[in-house]
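# Survey of secondary and tertiary structure
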Amino acid sequence: LNLSVCFSSRELFSPSQKYQLLVYHADSLFHDKEYRNAVSKYTMALQQKKALSKTSKVRPSTGNAASTPQSQSLPSEIEVKYKMAECYTMLKQDKDAIAILDGIPSRQRTPKINMMLANLYKKAGQERSSVTSYKEVLRQCPLALDAILGLLSLSVKGAEVASMTINVIQSIPNLDWLSVWIKAYAFVHTGDNTRAINTICSLEKKSLLRDNVDLLGSLADLYFRAGDNKNSILKFEQAQMLDPYLIKGMDVYGYLLAREGRLEDVENLGCRLFNISDQHAEPWVVSGCHSFYSKRYSRALYLGAKAIQLNSNSVQALLLKGAALRNMGRVQEAIIHFREAIRLAPCRLDCYEGLIECYLASNSIREAMVMANNVYKTLGANAQTLTLLATVCLEDPVTQEKAKTLLDKALTQRPDYIKAVVKKAELLSREQKYEDGIALLRNALANQSDCVLHRILGDFLVAVNEYQEAMDQYSIALSLDPNDQKSLEGMQKMEKEESPTDATQEEDVDDMEGSGEEGDLEGSDSEAAQWADQEQWFGMQ
């Protein structure tokens, strides 16, 4: 209404007031998420400001004292351009956002403008420009931790980044932890998970950073990357207890719970996150994990797509959608998502695992082997990369011996690494070395309990006719994951094999007792008929 009055009557509002009205109207549109309309009004405001600047230059400078307060209260032109860039990013028009911010002279760029530019350049793959902008942020704000992380993620050396903060560290008391913090995250971004974990653990012991939620979240993520799911879940739980409104990292936490078969906990976590905010990717990913591990792949696909829509840089959302597509037989589409995940997180092994599984699903063993070898060379010879390479070697009869050697190396480094134990057990099963397999699995289960390991041990025990203990192992597996179909099938198969023997024994007993038990037999027939009726009723449900 004010805008209509403003432009229909030139005398009612001054040019500066018209500029203010346009900016305020654009701000309100921005907060109502009408981003295209907001851009239009911001553009009009900038044009009005340009006209205002021309008239102020032409007009003689009389009565400056009266005009100065009004000019000082006008919205900043730079701030208007920043808001326009925000609109463009929300509309996923990053090139337009970069163009509007690039138009601001370097000397007039505030730290938040340089930060936005750095993130946009990084997303667009313009690494050199991104590094320059991050460094400019640090020059203006030496304690900007996000800028430090941005530089480290672009392979800038930790020592170089630390040198940009050294003056502040020396001038402010109790800031000596910062250099260790930079060192820790330099290890994170080079994929050296072990040293990163040790360095962050040393930081966490310091009184100033004890029970720090961000550090606990980073530790949880690092344990996850290192394949130590038990400690990862533990750290996520600690962080969640300290901050009940924590969202960051909860997508990984939900995924780990889902993998362990704790679907009720996953469902509760998803509900809690949705109550906090539905504008983040994490709640949608957690709900997607629940659907995926409940074998509702179409729903998991939808939830993954929704998460990506909210945050196109969500690695966990890309992995969820990729896995759903793969299980639905849409392998080529899945490959695209796993490749994007690798681009965003080149140090995360699970991204490569997803892509290799797609190659194996489409019988592209050669491509899988090339990728596994690249991962082995890039991320180093650790238990995870050795196991990944062995997994591909197991698919080719020619490379079975190589797979065995790789798995032995992996288990020498980490005897408790579950994926390596599972693959070694698979190899021993092929060779019918069941006793060796049982020994391997018992050793792995000595200090941990895992559904898959208990189930495989049950399979091996069946192979050597240890039926009672096999049944016990299947029961333990189902207690850990009630949805584990293979354990349930193993148990049902054993029950079916035992039932004919039991029936024969009952017939022998009846023959021995003779015809004197005829009344009881009639009673048994009546009882059996009742059970048959009940079974028929259940079958109809």
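Quantities reported herein were computed from a predicted structural model and do not represent experimental measurements. By convention here, each chain's residues receive numbers from 1 onward along its written sequence. Where local features are concerned, this predicted model is filtered to residues with pLDDT of at least 70; where side-chain atom pairs are given and counted, the filter is 80 or more; whole-chain, interface and lining totals use all residues. The side-chain numbers reported here are obtained from all heavy atoms of the structure, hydrogens and water having been left aside.

## Re the packing of aromatic side chains
Note on aromatic pairs: the rings of Phe, Tyr and Trp (six-membered ring only in Trp) are paired at centre separations within 6.5 Å, and the planes decide the class, stacked below 30 degrees, edge-to-face beyond 60, tilted for the rest. This model, assessed by the stated rule, comprises 8 aromatic pairs. Ring geometry for Phe236 and Tyr253: centres 5.6 Å apart, planes at 40 degrees, overall tilted. Placement of the pair is Phe236 in helix 15 (residues 229-242) and Tyr253 in helix 16 (residues 250-259), with a sequence separation of 17 residues. With a 1.4 Å probe rolled over the protein chains alone, any residue whose accessible area is under 20% of its type maximum counts as buried; one over 50% counts as exposed, and the rest are partly exposed. Residue class for Phe236 comes out buried when judged on its relative accessible area of 2%. By relative accessible area, which is 6% here, Tyr253 ends up buried. Whether a charge sits over a ring depends on NZ of Lys or CZ of Arg being within 6 Å of the ring centre and within 35 degrees of the ring normal. Above the plane of the ring of Tyr19 lies Lys49, whose end atom (NZ or CZ) is 6.0 Å from the centre. The ring of Trp284 has Lys306 sitting right over it, with the charged end atom 5.4 Å from the ring centre. Numbering of helices and strands starts at the N terminus; helices are DSSP runs of H or I of at least 4 residues and strands are runs of E of at least 2.

## Considering the side chain of Arg109
In this fold, Arg109 is placed in the loop between helix 6 (94-102) and helix 7 (111-123). With relative accessibility at 14%, the residue Arg109 sits in the buried group. There is a polar contact of 2.9 Å between the side chain of Arg109 and the backbone oxygen of Ile104. With residues up to four places along the chain from it excluded, the contact list for Arg109 reads Leu101, Asp102, Ile104, Asn114, Leu117 and Gln140. Counting of polar contacts relies on pairs of N or O atoms within 3.5 Å, with two restrictions inside protein: one atom must be capable of donating a hydrogen and the other of accepting it, and residues adjacent in sequence are counted only when both atoms are side-chain atoms. It only takes one pair of heavy atoms within 4.5 Å for two residues to be counted as in contact.

## With respect to the UniProt feature "repeat: TPR" (unreviewed entry) in the protein
Listed under "repeat: TPR" (unreviewed entry) in the UniProt record, and renumbered for this structure, are residues 315-348 and 451-484. In residues 315-348, the share of helix is 79% and the share of strand is 0%. The end C-alpha atoms are 10 Å apart. UniProt positions are given in the numbering used here, feature names are shortened, and annotations may be inferred rather than shown by experiment.

## Overview of the confidence of the model for the protein
Confidence along the protein averages 85 in pLDDT terms, with 86% of residues attaining 70 or more. Taken together, the stretch residues 60-69 has pLDDT below 50 and engages in 0 contacts with residues farther than four places along the chain or on a different chain. A score between 0 and 100, pLDDT records how confident the predictor is in each residue. Within the model, pLDDT remains below 50 along residues 511-541, and this stretch shows 1 contact once partners closer than five positions in the same chain are excluded.

## Quick word on the nonpolar core
Counting 96 residues, the largest nonpolar core has Ile356 and Leu441 as its most contacted members. Nonpolar core, defined: a set of buried Ala, Val, Leu, Ile, Met, Phe, Trp, Tyr and Cys residues in which side-chain atoms within 4.5 Å join the residues together. Ranked by size, the runner-up nonpolar core spans 36 residues in total, among them Leu138, Leu151, Ile169 and Leu222.

## A short note on helix 5 (residues 77-90)
By this rule the span expected of a helix is its residue count minus one, scaled by 1.5 Å. Here helix 5 spans 20 Å end to end across 14 residues, near enough to the 20 Å set by a 1.5 Å rise per residue. Among the residues of helix 5, those classed as buried are Ile78, Val80, Lys81, Tyr82, Lys83, Met84, Ala85, Glu86, Cys87 and Tyr88. If you check the start of helix 5, you find a side-chain oxygen 3.2 Å away from the backbone N of Ile78, and it comes from Ser76. In the segment just after helix 5, Lys92 is the residue with positive phi, at about 60 degrees.

## Description of helix 20 (residues 315-327)
When the terminal C-alpha atoms of helix 20 are compared, their 18 Å separation across 13 residues agrees well with the 18 Å that a helix rising 1.5 Å per residue should span. Burial of helix 20 is extensive: 12 of the 13 residues sit out of reach of the surface. For helix 20, the full list of buried residues reads Val315, Gln316, Ala317, Leu318, Leu319, Leu320, Lys321, Gly322, Ala323, Ala324, Leu325 and Arg326.

## Here we look at the pattern of salt bridges
Put simply, a salt bridge is a Lys or Arg side-chain nitrogen that is within 4 Å of an Asp or Glu carboxyl oxygen. Throughout the structure, instances matching the rule amount to 23 salt bridges. With its nearest N and O atoms 3.0 Å apart, the salt bridge here joins Asp265 to Arg262. Judged by its relative accessible area of 33%, Asp265 is partly exposed. For Glu353, the salt bridge identified is with Lys419, shortest N-O distance 3.0 Å. Remark: Lys419 occurs in helix 26 (residues 418-430) and Glu353 occurs in helix 22 (residues 349-361); sequence separation between them is 66 residues.

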